[in-house]
Amino acid sequence: MKNNKWNWILHAILAILALVSVAASVSNLYGPSALNALFSQANQESNGETTTELNNMAISNETTNKNSTEEVEITAPQTLILHSETDEYVAIDNRPAIKELKHVAAGFDYDSEIEEDSAYNIRNYVQTQPYVEDKLNNETPINLLIADVSRLPEELQEISITSYIYVMETNEVYLLNDVTDTAYSLTISDSVDDVMARVHDYLSSYEGLMAPVVPVTLANGVSYVTKEAQEIDQVTYLQERQPTTYFLNHFFETPEVIHDYSMNKIARYYTEGRQLTINMETFEVVLLQDSTKAEETNLNQQIEVTSAAMADILADQTSWLYVESNGDDESEMITYRKYVHSLPVFGNNYVSKVQFVMSSNTIQNIYMSALTIQTQVTDLSESYTVMAGADALNLLNNAGYPNGDISELVLGYRWVQNPEISRLVELIPSWHVQIGNKWFMLEDLIDMSQYPSLQTTYTESGEAVDLSLYFDNLGQQVSEEEVKTQLDESISESFSSDVDETDYSQFLNPPVSDSDEEES
């Protein structure tokens with residue numbers, strides 16, 4: 001942390017950044033919105049009249065190749081793995097490298113014949129050979145992995161996979177799903193020399209950035225964890241808030257028909273069939289709307305719909321990636337997560353994730369936050385050294401968390417408020433583990449005071465980072481989803497008293513009570 005004598009400099013920087021932030025917010029606030037066009041799709045009736053369906057947020061399946069490419073390049077987190085003849089592994093999760101790999105994979109011509117096998121058999125086979133693997137964090141539709149799925153055989157263009165493997169010096173490609181234990185073998189029709197030339201040209205740009213990893217088997221199949229400690233920058237951002245007017249303009253077509261039922265620090269607005277709720281203490285945003293029975297769909301189409309909504313709702317949409325989907329026959333939960341410097345961000349009250357509940361291609365609910373970070377305060381960044389992933393996994397195993405209970409183990413950031421200046425957000429690097437559907441910071445599960453040699457340290461001095469400055473619940477086994485932290489009172493009040501909120505009141509109907517509704 002910086003010495004207190006620099007506080008006046010920090011406040012001056014914050015004042016300048018705040019002015020820039022306000023200017024950007026005003027620009028975004030009254031700009032045109034495409035989201036209502038998604039919510040309210042006009043349908044031509046047989047009598048020539050036009051009707052509007054409030055709940056239909058489905059967009060056409062006939063998207064352009066350009067749009068598809070843009071969505072693919074920003075959507076799914078993954079890691080590039082290089083396996084050598086000496087059975088060593090190195091990896092990189094650099095986003096530019098991953099984006100480029102998608103286009104390399106899409107540049108090959110694939111034969112139409114395919115063979116199906118088990119992922120287990122294919123992994124045993126490739127283990128003896130050098131290969132390149134594009135490893136996804138979760139089951140993901142293949143169109144988010146390959147920039148142009150039309151190059152694949154038609155029967156594979158809508159499958160979900162966890163890995164794309166190319167065996168070096170051959171024309172062999174394997175598409176694996178470790179969760180379902182299925183695999184498909186493909187043959188590249190291009191000459192092996194041509195394929196290897198393109199692969200070597202690609203790898204030459206990134207081989208120096210790769211770090212040693214080791215394969216491990218977790219609950220969802222094969223994963224890779226680092227073998228060495230890593231230097232990661234702790235970064236600081238100005239915390240900003242989208243005003244309520246921003247969401248009213250994006251989620252409702254006409255402000256004059258909105259009923260305001262706000263009370264007790266809960267802002268609540270609704271029209272027939274739709275309700276927007278904003279918690280003015282935590283700034284969680286929830287949109288609920290009626291759902292009608294819709295046609296059958298698939299995950300590809302749902303991601304297409306939600307990606308379009310993300311692009312309209314979020315100014316920094318390119319830093320959010322699709323991470324997973326969960327659901328049943330009735331509805332599907334699609335989750336996107338904030339990424340900074342190619343690392344996932346974890347935090348309370350939806351500050352770092354957006355979730356959509358889908359009924360077919362209709363967005364039924366949206367859960368997100370009004371808080372955002374876009375402006376980095378570079379002078380406050382510090383380098384931390386974080387233990388190897390293999391060490392983190394060993395600590396979890398020794399604490400009673402076997403591999404079979406762990407869905408994912410990833411290095412990421414935890415979003416916390418700066419303990420000295422509440423309008424700043426610190427992103428603290430740490431290992432994060434998913435057990436079932438819940439995410440925990442490693443220090444939430446392990447008492448790191450018992451393992452001083454593995455504690456996170458300042459890279460320059462080697463001293464241990466005192467995480468208790470940022471976290472009150474270390475070691476209490478509290479997940480990201482369970483903690484509902486009320487913001488510091490001063491920041492909550494300052495955010496809640498934005499001038500924009502007062503200015504917008506003239507456009508709203510006066511609050512309507514239940515008795516008024518009955519009388520009308």
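For the structure itself, look to the data block above.
Participant: Break down the overall build of the chain for me, with residues and values.
Facilitator: Tallying secondary structure elements over the chain gives 13 helices and 27 strands in all. Per-residue burial over the chain gives 52% buried out of 520 residues. Contacts in the chain between residues far apart in sequence, at least 24 positions, make up 68% of those at least 6 positions apart. When the accessible surface of the chain is split by element, carbon and sulfur atoms take 46% of a total near 23,700 Å².

Participant: So, the nonpolar core: which residues are in play, and what are the values?
Facilitator: Membership of the largest hydrophobic core comes to 105 residues, with the highest contact counts inside it found for Tyr164, Leu175, Leu276, Phe356 and Leu427. Filtering out sequence-adjacent residues up to four positions away, Tyr164 remains in contact with Ala105, Phe108, Tyr110, Val132, Glu133, Asp134, Leu145, Ile146, Val173, Tyr174 and Leu175. Counting residues in each nonpolar core, the second largest holds 15 residues, with Ile122, Tyr131, Ile165 and Val167 among its members.

Participant: Give me helix H5 (residues 119-126): which residues, what numbers.
Facilitator: Within the sequence span of H5, burial applies to Ala119, Ile122, Arg123 and Val126. Along the axis of H5, the buried positions cluster into a sector of 100 degrees, meaning they face one direction only.

Participant: Could you give an account of the environment of Val222, naming the residues involved and the relevant values?
Facilitator: With respect to the helices and strands, Val222 occurs in strand S11 (residues 221-226). What makes Val222 buried here is its relative accessible area of 17%. For the pair Val222 and Arg123, spaced 99 residues apart in sequence, the C-alpha separation works out to 9.3 Å. What Val222 contacts, discounting residues up to four positions off in sequence, is Arg123, Lys135, Asp178, Pro215, Val216 and Thr217.

Participant: Before we move on, could you go through the environment of Val167 and cite the residues and values that matter?
Facilitator: Within the element layout of this structure, Val167 appears in strand S7 (residues 160-167). The sequence separation of Val167 and Gln129 amounts to 38 residues, and the corresponding C-alpha distance is 7.0 Å. Ignoring anything within four residues of it in the chain, the contact list for Val167 reads Val126, Gln129, Pro130, Tyr131, Glu172 and Tyr174.

Participant: Which residues make up unusual backbone geometry, and what values do they have?
Facilitator: The backbone phi angle of Asn264 is positive, close to 50 degrees, even though this residue is not glycine. Mapped onto the elements, Asn264 comes out in the loop between strand S13 (259-260) and strand S14 (266-271).

Participant: I'd like to hear about the side chain of Arg95, residue by residue, with values.
Facilitator: Along the polypeptide, Arg95 turns up in helix H4 (residues 95-106). On the basis of relative accessible area, Arg95 is assigned to the buried category, the value being 18%. Only 3.0 Å separates the side chain of Arg95 from the backbone oxygen of Thr318, close enough to count as a polar contact.

Participant: For the sheet that holds strand S10 (residues 211-218), give the residues involved together with the corresponding values.
Facilitator: If you walk across this open sheet you meet the nine strands as S5-S9-S8-S7-S6-S3-S4-S10-S11, and the pairing is antiparallel. The open sheet is flanked by strand S5 (115-117) and S11, the only strands paired with a single partner. Each adjacent strand pair in this sheet contributes to an overall mean axis angle of 30 degrees, direction not counted. By the bridge criterion, six bridges tie strand S8 (residues 172-177) to strand S9 (residues 182-187) in an arrangement that is antiparallel. Looking at the pairing, Leu175 lines up with Tyr184 of S9. H4 contacts strand S3 (78-83), strand S4 (89-92), strand S6 (131-141) and S7 of the sheet and is inclined by roughly 70 degrees relative to S3.

Calculation notes
- Within any chain, residue numbers begin from 1 and follow the written order of that chain's sequence.
- Given that the model is predicted, a residue must reach a pLDDT of at least 70 before its local features are reported, and side-chain atom pairs must reach 80 or more before they are shown or counted; all residues, however, enter totals for whole chains, interfaces and linings.
- Side-chain measures were taken over the full set of non-hydrogen atoms in the model, leaving aside hydrogen atoms and water.
- Note on conventions: DSSP H or I runs of at least 4 residues are helices, E runs of at least 2 residues are strands, and numbering of each starts at the N terminus.
- Only protein chains enter the area calculation, which uses a 1.4 Å probe; residues under 20% of their type maximum are buried, those over 50% are exposed, and those in between are partly exposed.
- In this analysis, two residues are considered to be in contact whenever any of their non-hydrogen atoms come within 4.5 Å of each other.
- Here the accessible surface of atoms and residues is derived via Shrake-Rupley with a 1.4 Å probe, and residues count as covered only by protein chains that are part of the display.
- Only buried residues count toward a nonpolar core. Its members are Ala, Val, Leu, Ile, Met, Phe, Trp, Tyr and Cys residues joined through side-chain atoms within 4.5 Å.
- When we speak of the arc, we mean the arc of directions from the helix axis to the C-beta atoms.
- We call two N or O atoms a polar contact when they sit within 3.5 Å, provided that within protein one can donate a hydrogen and the other can accept it, with sequence-adjacent residues counted only if both atoms are side-chain atoms.
- Two strands are counted as paired when DSSP detects at least two bridges linking them.
- The axes used here are C-alpha line fits, helices contributing only the stretch in contact, and every angle between their N-to-C directions lies in the interval 0 to 180 degrees.

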